[in-house]
Amino acid sequence: MSDGSTWWFELLGALRASRDGQEVALGAPKQRVVFTVLVLGRNTVVGRDQIIDALWGEQAPSSAVNVVHTYVAGLRRALEPSRASRAQGDLLRSSGDGYRLRLDPSWVDLDVFDSRTTAAARLRAAGDLAGAAEELDAALRLCGGDPLGGLPGLFAEVERSRLVERRLTVIEERADIRLELGRGADVVAELSRLVAEYPLRERLYGMTMRALCQTGRQAEALAAYRTARQVLIDELGVEPGPELQRLHQSVLAGEDLSGPEQQRPQVVVTAAAPGQLPPDTATFVGRQDLLARLDALRAETPSGLVVAITGPAGVGKTALAVHWAHRVRADFPDGQLHVDLHGYDPQRDPLDANEVLRRFLRALGVAAAEVPSTVEERAALFRTMVSDRRMIIMLDNARGSDELMPLLAGSGCCVLVTSRRRLDGLVAHADAKLLDVDMLNDDEAVNLLGRIAGSARLRDEPAQVARLASLCDRLPLALRIAAARLAVAPRQPVAALVSELDDEQGRLAALGLEGGASAVRSAFDASRRALPPLPARLLALLGMHPGHDITPHMVAALAEVRLCDAMRALDSLEAAHLLTVVELGRYLPHDLVRAYCVTLAGEELREDEQRAVAGRMLDYYLYCADLADGLLPITRGTVEISPSFVPAEIPVIDSAANAMAWLEAERVNLLAVAAYAVTHDWPVHAWQLPYTLSRLCWLLADKDSWLATHEAATPVVRRLKDPLAQFVTLHNLGVVLTLHERYDEALDAEREALSVSRRQGHGEWQARAYTSIANILQSTGRAHEAEAQYLRAAEISKRTGAQFAEANNLHNLAVLYAGERRHTDAVQQVTAALEIYRELGDAVGETAGLSDLVSSLLALDQGEEALAAAKRSLEVAVEASSVYHQGIAHDRIAQALDFLGDQSALPHWQRSLSVLTDLGAPEADGVRARLARARVTIRTPEPPRVPLGVTPNC
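Only a predicted model underlies this, so the values are computations on that prediction, with no experimental measurement involved.

Criteria and thresholds
Residues numbered from 1 in each chain as written. Predicted model: local features only at pLDDT ≥ 70, side-chain atom pairs only at ≥ 80, totals over all residues. Heavy atoms only, no water. Pairing = 2+ DSSP bridges. Helix = DSSP H or I, 4+ residues; strand = E, 2+ residues; numbered from the N terminus. Expected span 1.5 Å × (residues − 1). Buried < 20%, exposed > 50% of the residue type's maximum accessible area, 1.4 Å probe, protein only. Core = buried A, V, L, I, M, F, W, Y, C linked by side-chain atoms within 4.5 Å. Contact = heavy atoms within 4.5 Å.

Visitor: I'd like to hear about the sheet that holds strand 2 (residues 16-19), residue by residue, with values.
Guide: Taken together, 3 strands build an open sheet; the order of strands is 1-2-3 and the sheet is antiparallel. Here the strands that pair on one side only, and so sit at the sheet edges, are strand 1 (7-10) and strand 3 (22-23). As defined by bridge partners, strand 2 adjoins strand 3 across 2 bridges and the pair is classed as antiparallel. Pairing of Ser-18 across the sheet is with Glu-23, part of strand 3.

Visitor: Could you give me a rundown of helix 36 (residues 803-819), with the residues and numbers involved?
Guide: Residues that lie three or four places apart on an α-helix share one face, since the helix turns once every 3.6 residues. For helix 36, with 17 residues, the first-to-last C-alpha span of 25 Å sits near the 24 Å given by 1.5 Å per residue. With 15 of its 17 residues buried, helix 36 lies for the most part within the structure. Within two residues after helix 36, Arg-821 carries a phi angle of roughly 65 degrees, on the positive side.

Visitor: An account of the nonpolar core is requested, with residue identities and associated values reported.
Guide: Counting 195 residues, the largest nonpolar core has Leu-320, Leu-416, Leu-468, Leu-538, Leu-542 and Trp-662 as the members making the most contacts within it. Here Trp-662 is in contact with Tyr-620, Tyr-621, Cys-624, Ala-625, Ala-628, Pro-651, Ile-653 and Leu-670, once residues within four sequence places are set aside. Residues Tyr-71, Tyr-99, Trp-107 and Met-209 belong to the second largest nonpolar core, which totals 75 residues.

Visitor: Explain the side chain of Arg-160 to me, using residue names and the numbers behind them.
Guide: Tracing the backbone shows Arg-160 in helix 6 (residues 154-180). Not counting residues up to four positions away in its chain, the partners in contact with Arg-160 are Asp-146, Pro-147, Leu-148 and Leu-151.

Visitor: Describe the side chain of Ser-18, and please don't skip the residues or the numbers.
Guide: If you trace the backbone, Ser-18 turns up in strand 2. Look at Ser-18 and you get buried, because its relative accessible area is 17%. Leave out the neighbours within four places in its chain, and Ser-18 touches Thr-6, Trp-7, Trp-8, Glu-23 and Val-24.

Visitor: An account of helix 5 (residues 129-140) is needed here, citing residue identities and associated values.
Guide: An ideal rise of 1.5 Å per residue puts 16 Å on 12 residues; helix 5 measures up with 16 Å between its terminal C-alpha atoms. Burial of helix 5 is extensive: 10 of the 12 residues sit out of reach of the surface. All of the buried residues in helix 5 are Leu-129, Gly-131, Ala-132, Ala-133, Glu-135, Leu-136, Asp-137, Ala-138, Ala-139 and Leu-140. Residues of helix 5 that are buried in the fold lie against helix 4 (109-125) and helix 6.

Visitor: Give a description of the pairing of strand 8 (residues 336-340) that names residues and reports values.
Guide: In terms of residue burial, strand 8 counts as a mostly covered element, since 4 of its 5 residues are buried. In this sheet, strand 9 (residues 392-398) lies alongside strand 8 in parallel orientation, the contact comprising 5 bridges. Within strand 9, the position partnered with Leu-337 by the bridge is Ile-393.

The structure is reproduced here in structure tokens:
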């Protein structure tokens, strides 16, 4: 199993692995979660689905399998760094659709812990109390701090809770043994600390009282009982249990308390057959997939089925549970129990397990006087009474897992739980099956509206009905309210209600019933009240975010909290179904939740607070976008970005590849906040955000977003009177207008930029403006005028030492010469440009220049040189992560191969066409034509319609 190394794996404190005394780096947090799942499932095959569930729950991204494979590969490298890449590992091996981590029990602190506690139990049973205590001492020495320390996420919290309970049970067992040995003085301090830490644990109070009595401190023991009673009454509304009361009487009587505690016998009575299921709804629609899933779960688990039906407020969890329960109630002849736990009722406190059990026992025929007083005894009696009975038990509106555990019934029962939160604890401890309820689909939503409002509405205004369903976010509660409003006003057009709901800030108010109260708003408010303070506050702050999805780093900046706190807050919101995980590390609110957040922001944040929150949000995106933009493999100007708020923690943006990945992932959000800056009077952000995005747009051939951001920013910079802002924005506007073939507008923008540069006496700006003007002239067939402008720009850029402006100018001049079939001159100019691009490290300029060089070399019958240049162009494009230039390079390789009579040109053209078509690039048309005549030698390839050297580098 091992190469002779000494291994040690720790779960009972900070998560660690060590080999020969050297700690093993387990990697990023998610990779550490995978490691934990494998260690907990050691020496068994851990399925890939089990790992995916631990990482993402029900919200696994489409890439989950590949991500798990990556994490496992990372763990293999960490655990066995000397293993050959394709060799089977000694420790971590693939096995079918999963993985097996092969560990000797002596290597894992949890296994050693269990072996010690097992040995203690045998010794205690044999009467060796001292030996049992020693074994438990050794076991507890393995525990240091919180179990799985440093591991984030809900999976870790569930496992941590289980391990903490395990440790606490052993501590209690050890204390009990010492009390039996009459060594109460040894445990008084420890028990007092534990009572303070776990104030609702009655057994700890009892042992503390026994320990105090053994040290002659009966008065303190009685005080401990009074404290216990007060805490239990204040927190749970119950008296101490019979064991603690009996112990209290024993202390008063001065009895010997060194022996073990006694247990009270249980009461058993005959059960009745209650029928408490709520009536089914007459307008239930859809959900056929979920109903089928419930049927399948019942078939797979014929006995003891527990299903947690979870989802956001108003999504129809209760309706689904009740509807399915009525369908199968005949198969459960011993009756149905139902309780609304009021987990989110603003008018009532949630019901605790003790009260629910009292109601259930009374419904089952237990006389009031015979209902036990403690939750443990009531739960035991409840399990006894429903043992081997076939019943449906519905626990509606649960707030968490803890209060549900005493309510779970016998092997013949089907327990249906509904909750707005993920009930991971129920899954971990009761093997519950999760069923997540999402919004209705489009057809189901429209059908529900028609069922309540009348089918005529569907026929008369189908487009408006579909729009109404969309505005209700396909949430059943919202749909029912909207439909009810239509039903009571049969002459009101659907379009009128649609118009009312179109206002995002007023949408929740419109989704109300009598008296103007919004049932949807009330449902969201109830979910929010159940949240910890930071997630609850975060909902109002998110109302300031105009983008699509959110990340922990953005939230940390928005709320001015640590990243770990932001992650926990987002996990809480996701667990409460107020956010959805769309992919790893990215969260999305549904439309109605987004409207709720906007409403909260308007109600709860003062104007100055809104301004401050917006400023942090804009500065976060600007700071990160500027950092990423600066790492792209393309030269940019010297515009200094200096946001007022510098985020304390940002994503890893330290290379061209992950800079590009971050920009692409945040592209929709960046465009949204750029538009927000324009409309909400943030003039600096209004032009600097588009500036930092211009090179991304160019690399992605996204000329529409490029144009939209700069057209919006132009009026702002004109008012701002900042020469730098004006030149950068106007010049980039001219470049993108040229790409859109709006040449007159492009010329106006570049001439205005030129005027700004002249007023400032800025030579480099002038060179850039003249180059862009020349590009426009060339594109409109005025080649002679264009050449004059290029030469003018070349003279200025050389004189001022503006290297990139010089390279860009030479490059575009080469394109002009190629268009005039002056290919020798074109090769000379582009070669000079390539030298500067390489000196500057501008990979994008280099790949574009090489692609243009190919066209002229082919025209000069230099096929081998052209093929070499084309291949190098592709290599540089790949290094630069520019998909657009990869598509161009494949086309150039194909042209060179075809020129040389090589039949392998075809796949390069196919690849080029696929890439450029996906990007919507105009060059796709030329590639398509060349592909159609793939075996015809093209001696003189046409030059590109748009000069590839045109860049937004200001």
